[in-house]
Amino acid sequence: MKLVTAIIKPFRLDEVKDALKDLGVQGLTVSEVQGFGRQRGHTEVYRGAEYEVDFVPKVRIEILVDDADAERITERVVEAARTGKIGDGKAWVIPVESVVRVRTGEAGPDAL
Amino acid sequence: MKLVTAIIKPFRLDEVKDALKDLGVQGLTVSEVQGFGRQRGHTEVYRGAEYEVDFVPKVRIEILVDDADAERITERVVEAARTGKIGDGKAWVIPVESVVRVRTGEAGPDAL
Amino acid sequence: MKLVTAIIKPFRLDEVKDALKDLGVQGLTVSEVQGFGRQRGHTEVYRGAEYEVDFVPKVRIEILVDDADAERITERVVEAARTGKIGDGKAWVIPVESVVRVRTGEAGPDAL
Amino acid sequence: MDGELIKSISEGDTAWVIVAAALVMLMTPGLALFYGGMVRTKNVLGMLMQNFFSLGLVTVLWVAVGYSLAFGGTNDFIGNFDFAWLHDVAAPAGGKFVGMAPPGFGALTIPPMVFMAYQMMFAVITPALITGAIADRMRFTAWVWLLGLWAILVYSPVAHWVFSPEGWLFKRGALDFAGGTVVHVNAGIAALAAILVLGRRRGWPKHAMPPHSLPLTLIGTGILWFGWFGFNAGSALGANGLAAQAFVNTTVAAATAMLGWLIFEKLRTGHATTLGAASGAVAGLVAITPCAGFVGGMAPVAIGFLAGAICYFAVSLKFRFGYDDSLDVVGVHLVGGLLGSLLLGLFADAAVNEAGKDGVFFGGGWSLLGEQAIAVAATIVFSFVVTYLICVVLKAVLPGGIRVSEEDEETGLDLTQHEERAYATDLV
Amino acid sequence: MDGELIKSISEGDTAWVIVAAALVMLMTPGLALFYGGMVRTKNVLGMLMQNFFSLGLVTVLWVAVGYSLAFGGTNDFIGNFDFAWLHDVAAPAGGKFVGMAPPGFGALTIPPMVFMAYQMMFAVITPALITGAIADRMRFTAWVWLLGLWAILVYSPVAHWVFSPEGWLFKRGALDFAGGTVVHVNAGIAALAAILVLGRRRGWPKHAMPPHSLPLTLIGTGILWFGWFGFNAGSALGANGLAAQAFVNTTVAAATAMLGWLIFEKLRTGHATTLGAASGAVAGLVAITPCAGFVGGMAPVAIGFLAGAICYFAVSLKFRFGYDDSLDVVGVHLVGGLLGSLLLGLFADAAVNEAGKDGVFFGGGWSLLGEQAIAVAATIVFSFVVTYLICVVLKAVLPGGIRVSEEDEETGLDLTQHEERAYATDLV
Amino acid sequence: MDGELIKSISEGDTAWVIVAAALVMLMTPGLALFYGGMVRTKNVLGMLMQNFFSLGLVTVLWVAVGYSLAFGGTNDFIGNFDFAWLHDVAAPAGGKFVGMAPPGFGALTIPPMVFMAYQMMFAVITPALITGAIADRMRFTAWVWLLGLWAILVYSPVAHWVFSPEGWLFKRGALDFAGGTVVHVNAGIAALAAILVLGRRRGWPKHAMPPHSLPLTLIGTGILWFGWFGFNAGSALGANGLAAQAFVNTTVAAATAMLGWLIFEKLRTGHATTLGAASGAVAGLVAITPCAGFVGGMAPVAIGFLAGAICYFAVSLKFRFGYDDSLDVVGVHLVGGLLGSLLLGLFADAAVNEAGKDGVFFGGGWSLLGEQAIAVAATIVFSFVVTYLICVVLKAVLPGGIRVSEEDEETGLDLTQHEERAYATDLV
Ligand SMILES: Nc1ncnc2c1ncn2[C@@H]1O[C@H](COP(=O)(O)OP(=O)(O)O)[C@@H](O)[C@H]1O
Ligand SMILES: Nc1ncnc2c1ncn2[C@@H]1O[C@H](COP(=O)(O)OP(=O)(O)O)[C@@H](O)[C@H]1O
Ligand SMILES: Nc1ncnc2c1ncn2[C@@H]1O[C@H](COP(=O)(O)OP(=O)(O)O)[C@@H](O)[C@H]1O
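Residues numbered from 1 in each chain as written. Chains lettered and ligands numbered in written order. Predicted model: local features only at pLDDT ≥ 70, side-chain atom pairs only at ≥ 80, totals over all residues. Heavy atoms only, no water.

**Student:** Help me understand the overall build of chain D in this model?
**Tutor:** Per the secondary structure count, chain D includes 15 helices and zero strands. Its C-alpha atoms give chain D principal-axis dimensions of roughly 65 × 45 × 40 Å. Among the 428 residues that make up chain D, the fraction classed as buried is 73%. Counting contacts in chain D only where the partners sit at least 6 residues apart, residues at least 24 apart contribute 77% of the total. Here chain D displays about 11000 Å² of accessible surface, and carbon together with sulfur accounts for 65% of that area. Seen as two clouds, the 20 positive and the 27 negative side-chain charges of chain D have centres 10 Å apart. (Helix = DSSP H or I, 4+ residues; strand = E, 2+ residues; numbered from the N terminus. Buried < 20%, exposed > 50% of the residue type's maximum accessible area, 1.4 Å probe, protein only. Contact = heavy atoms within 4.5 Å. Areas by Shrake-Rupley, 256 points an atom, 1.4 Å probe, with all protein chains shown as cover. Lys, Arg positive; Asp, Glu negative; His and termini not counted. Charge placed at Lys NZ, Arg CZ, Asp CG, Glu CD.)

**Student:** What's the story with the interface of chain A and chain F in this structure? I'm lost.
**Tutor:** How big an interface is tends to be stated in terms of the accessible area lost upon association of its parts. At the interface, six residues of chain A touch 16 residues of chain F. Across the interface of chain A and chain F, roughly 930 Å² is buried in total on both sides, 64% from carbon and sulfur atoms. At the boundary of chain A and chain F, one finds one salt bridge. Put simply, Asp-328 of chain F and Arg-47 of chain A hold a salt bridge, and the shortest N to O gap is 3.1 Å. For the interface between chain A and chain F, the tally reads three residue pairs in polar contact (both at pLDDT 80 or more). Mapped onto the side of chain A that touches chain F, the elements with two or more residues apiece are strand S3 (42-46) and strand S4 (49-53) of chain A. (Buried area = accessible area lost by both parts, 1.4 Å probe. Salt bridge = Lys/Arg side-chain N within 4 Å of Asp/Glu carboxyl O. Polar contact = N/O pair within 3.5 Å; in protein donor to acceptor, adjacent residues only side chain to side chain.)

**Student:** Looking at this structure, I do not really get the site of ligand 2. What am I missing?
**Tutor:** Not every one of the 20 residues close to ligand 2 is listed here, only the nearest: Thr-29, Arg-101 and Arg-103 of chain A together with Arg-38 and Gly-87 of chain B. Residues within reach of ligand 2 are spread across chains A and B. Gly-27 of chain A is positioned such that a nitrogen or oxygen atom in its backbone is 3.1 Å from a nitrogen atom of ligand 2. Contact with the protein chains covers 99% of the free accessible surface of ligand 2, which is 550 Å². Where the shell around ligand 2 is concerned, the elements lending two or more residues are strand S2 (28-36) and strand S5 (56-65) of chain A together with strand S2 (28-36) of chain B. Ranked by residues supplied to the shell around ligand 2, first place goes to S5 of chain A with three residues. Taken together, the residues that form the shell around ligand 2 break down as six nonpolar, seven polar and seven charged. (Near = heavy atom within 4 Å. Nonpolar A, V, L, I, M, F, W, Y, C, P; charged D, E, K, R; others polar.)

**Student:** Can you help me understand helix H1 (residues 13-22) of chain B in this one?
**Tutor:** Three or four residues apart is the spacing at which side chains of an α-helix point the same way, because the helix has 3.6 residues per turn. Listed in full, the buried residues belonging to H1 of chain B are Leu-13, Val-16, Lys-17, Ala-19 and Leu-20 of chain B. Each buried residue of H1 of chain B lies within a common arc of 165° when the element is viewed along its axis, so the set occupies one face. Buried residues along H1 of chain B sit against strand S1 (2-8), S2, strand S5 (56-65) and helix H2 (70-81) of chain B together with strand S2 (28-36) of chain C. Where H1 of chain B terminates, the next one or two residues include Gly-24 of chain B, which has phi positive at roughly 90°. (Arc of directions from axis to C-beta.)

**Student:** Got a minute to help me understand the site of ligand 1 in this structure?
**Tutor:** Not every one of the 20 residues close to ligand 1 is listed here, only the nearest: Arg-38 and Gly-87 of chain A together with Thr-29, Arg-101 and Arg-103 of chain C. Nearby residues around ligand 1 are contributed by chains A and C. Gly-89 of chain A places a polar main-chain atom, nitrogen or oxygen, 3.4 Å from an oxygen atom of ligand 1. At a separation of 3.1 Å, an oxygen atom of ligand 1 approaches a polar side-chain atom of Lys-90 of chain A. Coverage of ligand 1 by the protein amounts to 99% of the 550 Å² it exposes when considered alone. Top contributing element to the shell around ligand 1 by residue count: strand S5 (residues 56-65) of chain C, with three residues. When the residues that make up the shell around ligand 1 are grouped by side-chain class, the tally is six nonpolar, seven polar and seven charged.

**Student:** For this particular structure, what's the right way to read the relation of the copies chain D and chain E?
**Tutor:** Both copies of the chain are related through a single rotation about an axis accompanied by a shift along the same axis. Expressed as a screw operation, the relation of chain D to chain E combines 0.0 Å of axial shift with a rotation of 120°, fitting to an RMSD of 0.0 Å. The transformation relating the two chain copies, once decomposed into turn and shift, fits a three-fold axis. Taking the C-alpha atom as reference, chain D places Gly-12 of chain D closest to the rotation axis, 2.1 Å from it. (Least-squares fit on C-alpha atoms with pLDDT ≥ 70 in both.)

**Student:** For this particular structure, what's the right way to read the pattern of salt bridges?
**Tutor:** Where charged atoms from two side chains of opposite charge come close, those side chains can pair. The full count for this structure, using the stated rule, is 60 salt bridges over all chains. Among the ionic contacts, a cluster of salt bridges with common partners joins Asp-14, Lys-17 and Lys-21 of chain A together with Asp-54 of chain B.

**Student:** Whenever I open this one, a nonpolar patch on the surface confuses me. Can you help?
**Tutor:** Residues and elements named next belong to chain D. A surface patch of nonpolar side chains, about 230 Å² in accessible area, is lined by Leu-196, Tyr-388 and Val-392. One can find Tyr-388 in helix H13 (residues 367-397). What makes Tyr-388 partly exposed here is its relative accessible area of 32%. (Patch = residues over 30% accessible without salt bridge, like charges linked within 9 Å, V, L, I, M, F, W, Y side chains within 5 Å.)

Structural data, given as structure tokens:
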């Protein structure tokens, strides 16, 4: 089992989700994060006091997958999230030792 | 060292926390996430325009544990989080190479 | 490749970010979390009804790094985040199998 | 036709009472925010909706029959249908639109239409007060029925008894300047009846249910305090010294009640809270309501301070007795209203208002206090019984009952009752 | 100099109309919140700013020339510059500051300065209504120009036609008590013209764009309802029975419209929504605006209910026809304003107001309805054409055009137009 | 007893001033929101509480002694205790509750009780203005003491000097229609004194401390603008042409100040901000306050525009001089109040108000400007010195001093001072 994590632009989330549904992925977990990277942030001004905000809103997607699917799914996520502009994000794969479905206690691939 | 991660229903958090305290777990980290899975989301209607929200609010719990405790703790989390209804979530275990306590620099099991 | 994760006090984020910039780290991802640990939470009172909040706001930092840099970067994060008071948090390292830059599809160290 | 045609309209009085009516109207949204800030995020819209809906439904019921049942006719216990559908309220009199004063109000210097509109706003906000008690668990459909039935079956009769010069409590000599009995005791006891039928929120009192937005509550508090000038000083029905006195009494009582609440809170918990300041101010406003135009001098200082202190302790009663009065309608409105109505028996000063009386402290003896006690007792019994019956009947006859399912309560009223979310600030 | 010197000021009337002016002023911030709650988080400030800016710019334009163009002189189609820069509006008359009434308003019992200020607030809010349609995509600079030009080129002329006794529509006999035509139809059709030039929001209608804060919208709704008493009852220009009638009509129509909207919503989608309650109330307030001082009895019940029901269906038209009226200015203000203006042809009752007429249902025959139709038709044509031209010209001449770039639209107006974020509650 | 019994009450005037008092009361919650939106999430309640608490404490102090110290007696420098505890303020006169006018106000056409209540609201909001400067770091207990002492030791004397016809600055001929000196200069300089004792916020100016909710600030702005009509036009103490003039001057100055601020902001930073629009409007309202009933014509255009532009630059002074005026009380209220008070020396026009004078531009020569300068100078010296002393003494005698601990400042005022959180929207 693997955990595929991707940091993407928030407005690409729908595309990524749809692409994964098409691949037969049954579940995923999403959270709001702030990214710092090559893409620059923005300036804000309040009563003449300017300041720089380095962080850019991003979305983190986590998908537990069967070992065999990890590569294909990562590729699909990357494709669906890509805009080609700086700040598109990263995707990475981590090994998972065990997975359980809370509801049933099923473990391994059955838990997905 | 392992990292036990669980995605659970938000209102089970207190039970899980209490169960872990009973097991002697000294710390954990929690965050808000949105889950997509078998449990369907809901419909919202604004001025006649209906739309579907696929995501369901969930809570992610992360617990760094000693290798030996990983299984027991995961089981306990799963038990405490279970309602038996769809959407109860997942728990998984990831190997961790090293852990440090920021305050003291202690490493390994002492860092927990 | 490794994933360095740190849970720190929110107001240390700027120091950590600056320290990492100095080390040449090009990117990182940050999110808001709630921590439970030795540091106690606080009491709130609403119309005479007191209750305890166990969770303390923390920030999670995640940094994908080259294998060789993992240790140095972890150390730097720990140093920059340290206040020496209880609740300073944890940092840990997880092995990563693969990383891709969404924008270009570059993989491995080039993706960072 | 019982009223008499109003002849001498004062533009100044009319200006003030029109404004006062607008101010009282604003109190219902203000109350919605006051309460809305105190509930959890998933129930905000449910709360706001229950309040705004009162502006919708009760307004219509009031012009249809409510006003007439409250102020028409000369019966002791209930009005009649003389003014139903605003018949005769706006009788064209030389193009000046004057109309028929309700019986006993012949001395009005404002168009009866203004009086009707002003009273309408009281009818709207009174049942809205109940929403604070039943928060987070009543089905919206059930609320619609409870609201409509209560406005007709409870509010109009009690308003007739106390506010109409033809009502039995008025005639006995009970005083209620702006609704301590009619509004606050009435709604407060009805709230208790409703929650006894409805039951507690799931998880109460074990689970913490902290206010999701105190700034919203404080916006509501500001609006309520502001609107209450219309409520109390408007009840002088003219722009005169009496209105001025009521105005001052109102703001002074709110202020001292805030201090009263905060002092005891600080003593007991070590901190003075923002919600305490807001709650204290509202408690003072409630308690001064019946007294506003009947007391003078430093009476509002005492009344306010007592209201703040006593209501601070009263909001904890629910934990002792185990009824789940979510946002303390009983502790603030019932207790505060009772307190004000009874203290009036002590502090009333006929020198302040020719239409008033002297209370115990001003040489009037115990008779006024007795009448006040009778008035609140009658209101408590009547309102409790009828409200309880309405709730029991609705529970029996409404398909789905009056309470949301366990699962819907978990999910929250906003999504389950209204298919909406209050805040969609998430990126996802 | 066309006006005549006002001699008999009533303090009561003056008090009411001053307050009414303040109430109408408050409506613009109220509208800002009403709309601001409905947009996405990234565009909140853009919305608030467009509205608040109208208080800045239009106020100045109004005292400079707008008022004079609307109410100066005796020309049928446009005012003159007699009152430009408030010349003669506040003429010291024995130290009482009375001034010159606009032509045809000789019977004023309030200082003309009060009349000017009251009308100013209408001029401020009318273009602000347009912001709901163009939400989320117009450059702020473009809005500044559109706002200023529109206030002079569209608002003042139409106000002159309908509100000034010297205007051609007024003279023909069209009735508009408080701005059904001048304000709502006018702004509603202008909104349509503007969005036809501007185009749709990116992603509409495919992507959901739910309101980011319905509590904000409901604060706005409460303020609007409250302020509307100034808008409608203030248009009686005195504290009298007519104001009372207008007050009651206003609140009753808002209430029944809320019910009308919610009933059809419940029937169609199974739920009554909070946004529906707010939208229905506003639709009712819009529709009763032209009628408020010309109808009586139960007419507001009918007008309100129809407005609620019809506007509920009208807000879906945009999906059928494909124009992106973000927050339903067309569906609520154009349709509601039209409806009210035409229903007045049926429900007008001269017994309510000597200056009014009888509509179809009160034996007045079809002539009033005809005049109403002419008035709204003339306004629709004029406002649409001029607004469309203004937008087309601005699009051509402004460097950067009238619309933000794709990327800026993605990022949101707050950061790109104002370098600010609405909420900085994050820790990061 | 110095006052004289008021005999001729105008209902219209009374109606307006009662409403004006309510409007000014609403400004304190409005200010709380205006400021509350600008602080960080962890300090919101601290800010709201400091403001609301003024409604609690100062109200009581005012009826106890504050009013009498400001308006009682004929001494040049301070009032007396004639009206303490509202003695004689509401003297029953044939049941009409008329009372004793404060010395020099014999021509009042409103009950003195209304005058007292109206002035009360000024006394409440003036110290509340200070909270913007000391934001985020004062212990609540310290604020309670500072507030109470300041209301008695600073506000009442200065109000006596300037507002009472018996005060030395009034007698010398200084003009202050609605509180440019008494309210804004006074609070602004006191704010400076307080922060010099208190010190800077930790992390300022290095760390960004962006407003946590600009929508909250804009709700506050709308309420302030609305309430300011009561503040300025209410100061005419009647519903007449002078009130109308003050009303118009008020809104025009707010509008032009908004434009003035935004123009310079746009020129300097490339963007016009929402907070700039709000700040500019408030700056204009501040500057027009002393002038509102003494200038006419296009003077408010100039005064407002200058206020917007100058205050825009003035808010940056703190970075140059290194004092941490958190929310720019000095930059907006001190500078704006000074500006208005001095510009009145130029723009005053006796034709507008018989009780006024001619300034430099209206042939009155330099004498008025001189008096204005003396008035503001005296106020600045007195208020600065006394406030500084109060703060120093409190710092020395209060256990815990006047400032929260480092750790508490980090955690925020809400949790540490009030044991509450503003927003509990989290699931956790
Ligand atoms: N080394 C890293 N570790 C963790 N997250 C990273 C890292 N580098 C970038 N990110 C995340 O990816 C996002 C995009 O990175 P950025 O450098 O801006 O653009 P790109 O990926 O297109 O080169 C960042 O906002 C951040 O959230
Ligand atoms: N493959 C997955 N990867 C990551 N998270 C998942 C995955 N599948 C489900 N989840 C998370 O678990 C939650 C519950 O899953 P769901 O399929 O709804 O119910 P159940 O776990 O009871 O079968 C989801 O909301 C999501 O947050
Ligand atoms: N076993 C754990 N697993 C995951 N997170 C932990 C664990 N223990 C502590 N944490 C995180 O670290 C934070 C600090 O821990 P705490 O015990 O309060 O102080 P310290 O790290 O200084 O001993 C906690 O708030 C929590 O977010």
